[in-house]
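Structural characterization, general
Here is how the chains run, residue by residue.
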Amino acid sequence: MAEAEPRDFKVKKAWQEVIRGLRRHRRATGETPRLRSWADVERSLDTVPLTDDVTALKQLLRAMLKDGGGEPAAVQIDGLLDRMLPAIAEGPVVVDIDGFPADFEPAMQARLLRQGTAPPLEVDAKAAAALVREFDGFLLGGSRLQARARVRDGEILPAVPRSMRAQPLRRGRQGAWLPYTDAVGKRSLTPLALARRHAARFEVEEVIDGFCGLGGNAIAFAEAGARVIAVEQDPDRLALARRNADARGVSIDFRPGSIHELLPTLPAWPLFLDPPWDAIELGGLLDPDRPTMLKLPREFDPASVEGDWNVHYEFGEDDDDFAIVRMLTLIH
Ligand SMILES: C[S@@+](CC[C@H](N)C(=O)[O-])C[C@H]1O[C@@H](n2cnc3c(N)ncnc32)[C@H](O)[C@@H]1O
C-alpha cells in the first residue's frame with residue numbers, strides 16, 4: 001500500500017495534465033474549455049491533437065483503464081511525469097523576504113511572519129510555499145514585499161495545504177465592543193485594545209475626533225480622561241455614537257457635520273483623524289503646529305503625508321490578530 005500511493009497520486013496528476021491539455025486546445029479553438037461529462041472527455045481525446053508527451057500519457061491511461069490498472073502502464077506514467085512535471089521541493093527551504101519599510105524593525109518582521117526571527121528564514125517546503133503565497137506582493141507602509149524561496153533549478157514549491165493558508169482578518173470580525181452599531185460603523189470601529197492604545201500614545205487633555213463613526217476612538221479618549229469633541233457627518237451614525245457614549249458613561253461634545261467645514265470653528269485642540277479608508281481626504285485638515293494623530297490603513301505610504309511624523313505599526317493583541325498589522329498611526 002505504501003508503494004501504491006505515489007503511483008496513484010501520479011496517475012491523478014497524469015489525468016490532470018491530460019485534461020489541462022484538452023481544455024487548452026478547446027479554449028484555443030473557441031470551444032468552451034469546460035468538459036462537462038465523460039463523453040466530452042472521450043470525444044476530445046479522440047479529436048484533439050496533444051503534445052507528444054500528453055498523447056503518450058493519454059494512451060497509457062487508456063491502457064491502464066483497459067487492463068484494470070496494470071503495473072507497466074503505471075510505471076511508464078511515472079517515468080513520463082517525472083520528465084514532464086517539475087520536481088517539488090522537499091525538506092528545509094530558505095525564504096528571503098525583502099522590501100520592508102525602513103522603520104519596520106526585525107522584531108516586527110518576525111512577528112508579522114509568525115516566525116522566531118526576521119528573514120532569511122529556513123522553514124520546511126510547505127511553510128515556505130505558504131510564506132511566499134501570503135507575503136509576496138504584501139503591501140505595508142507604502143512598500144511592496146517580495147518573498148522568494150531558494151529552490152533548485154527546475155524545482156517548484158509544493159501546494160499550500162488549506163490549513164496553512166492565511167485567512168484574511170475581516171474587519172469588525174472581533175465583534176463590536178459598543179452596543180449601538182450600523183453595518184458601516186461596525187466595519188470601521190477601532191477595536192477596543194487599539195483605541196485604548198491610540199489614547200495612550202496620544203496623551204492629550206483635549207482632543208477633536210474629526211471622523212468619529214460609532215465613537216470608538218472618541219470614547220476611548222474620554223475614558224482615558226480627555227475632553228472630547230467628536231464630529232460625524234452621518235446623522236444616524238452620530239446618534240448611535242451618542243448612545244454609545246451614554247452607555248459607556250462618558251460625556252462627549254458631539255457635533256454633526258463635516259470636519260472639513262467645522263474644523264475652523266472648533267477650538268485649536270489636538271486632532272485625531274480616522275478618515276474613511278476607501279477615500280482618505282486630509283486636505284486642509286493638517287497643520288504642522290497642531291498635535292495630530294492619524295489612523296491609516298497598513299498599506300498607506302506615510303511619506304505621502306507632508307510633515308514630520310512618528311510612524312507606529314499597530315499589531316493586534318488577540319490570538320487571531322497578534323501577528324497582523326491592523327493599521328498605521330502617525331503622530332506629530
Ligand atoms: C473610519 S470611520 C471612523 C471610525 C471610528 N474611529 C470608530 O472607532 O468608531 C470614518 C467615519 O467618518 C465619517 N465621515 C466621512 N467623511 C466625513 C467628514 N467629512 N466629516 C465628518 N465625518 C466624516 C464616516 O461617516 C465614518 O463614520
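Please refer to the structure placed before this passage.
What this report covers is the structure whose coordinates are included nearby. Computed from a predicted model, the values in this text were never measured in an experiment. (Residues numbered from 1 in each chain as written. Predicted model: local features only at pLDDT ≥ 70, side-chain atom pairs only at ≥ 80, totals over all residues. Heavy atoms only, no water.)

Right, let's get into the side chain of R26. Here R26 lies in helix α1 (residues 4-28). Take R26: its relative accessible area is 7%, and that puts it in the buried class. Only 3.0 Å separates the side chain of R26 from the backbone oxygen of T32, close enough to count as a polar contact. (Helix = DSSP H or I, 4+ residues; strand = E, 2+ residues; numbered from the N terminus. Buried < 20%, exposed > 50% of the residue type's maximum accessible area, 1.4 Å probe, protein only. Polar contact = N/O pair within 3.5 Å; in protein donor to acceptor, adjacent residues only side chain to side chain.)

Our focus in this paragraph is the sheet that holds strand β11 (residues 271-273). The strand order β10-β9-β8-β11-β12-β14-β13 describes an open sheet built from seven strands, whose pairing is mixed. The open sheet is flanked by β10 (253-256) and β13 (310-315), the only strands paired with a single partner. Pairwise comparison of adjacent strand axes, ignoring direction, gives a mean angle of 20° for this sheet. Examined bridge by bridge, strand β8 (residues 206-209) and strand β9 (residues 227-232) share four bridges and lie parallel to one another. Paired with D209 across the bridge in β9 is A230. Against the sheet, helix α8 (residues 192-201) engages β11, β12 (292-296), β13 and β14 (325-331), with an angle of about 155° to β13. On the sheet, helix α10 (residues 235-248) packs against β9 and β10 and is oriented at approximately 175° with respect to β10. (Pairing = 2+ DSSP bridges. Axes fitted to C-alpha atoms, helices over the stretch in contact; angles between N-to-C directions. Contact = heavy atoms within 4.5 Å.)

Okay, helix α2 (residues 38-47) next. Of the positions making up α2, those classed as buried are D40, V41, S44 and L45. Taken end-on, α2 shows its buried residues confined to a sector of 135°, consistent with a single buried face. Residues of α2 that are exposed and point over 90 degrees away from its buried face: D46 and T47. (Arc of directions from axis to C-beta.)

Our focus in this paragraph is the pattern of salt bridges. Under the definition given, this model contains 16 salt bridges. Residue R197 is joined to E317 by a salt bridge in which the shortest nitrogen-to-oxygen separation is 3.1 Å. With R197 in helix α8 and E317 in the loop between β13 and β14, the pair connects residues that are 120 residues apart, well separated along the chain. One salt bridge connects R255 with D253, and the closest N-O pair in it is separated by 2.9 Å. The class of R255 is partly exposed, set by a relative accessible area of 28%. Residue class for D253 comes out partly exposed when judged on its relative accessible area of 33%. Taken together, the shared-partner salt bridges in this structure form one network comprising D182, E232, D234 and R237. (Salt bridge = Lys/Arg side-chain N within 4 Å of Asp/Glu carboxyl O.)

Before going further, it helps to examine the sheet that holds strand β2 (residues 92-98). The strand order β3-β2-β6 describes an open sheet built from three strands, whose pairing is antiparallel. The two strands at the open ends of the sheet, each matched to only one other strand, are β3 (121-124) and β6 (146-150). Put simply, the sheet's adjacent strands are angled 35° from each other on average, direction ignored. With four bridges connecting them, β2 and β3 associate as antiparallel partners. Paired with V93 across the strands is V123, a residue of β3.

A few words now on the packing of aromatic side chains. For the coordinates displayed, the defined rule picks out six aromatic pairs. With a centroid separation of 5.3 Å and an interplanar angle of 65°, the aromatic rings of F221 and F272 are classed as edge-to-face. Of the two residues, F221 sits in helix α9 (residues 216-223) while F272 sits in strand β11, which places them 51 residues apart along the sequence. For F221, a relative accessible area of 1% translates into the label buried. The class for F272 is buried, based on a relative accessible area of 0%. Taking NZ or CZ as reference, R111 lies 3.8 Å from the ring centre of F322, over its face. (Phe/Tyr/Trp six-rings, centres within 6.5 Å; stacked < 30°, edge-to-face > 60°. Lys NZ or Arg CZ within 6 Å of the ring centre and 35° of its normal.)

Moving on, we get to the site of the ligand. In the vicinity of the ligand there are 21 residues, among which T190, E232, R237, I259 and D274 approach most closely. Between an oxygen atom of the ligand and a side-chain N or O atom of R237, the distance comes to 2.9 Å. Of all the secondary-structure elements, those providing two or more residues to the shell around the ligand are α9 and α11 (259-262). Split into classes, the residues belonging to the shell around the ligand amount to seven nonpolar, 11 polar and three charged. (Near = heavy atom within 4 Å. Nonpolar A, V, L, I, M, F, W, Y, C, P; charged D, E, K, R; others polar.)

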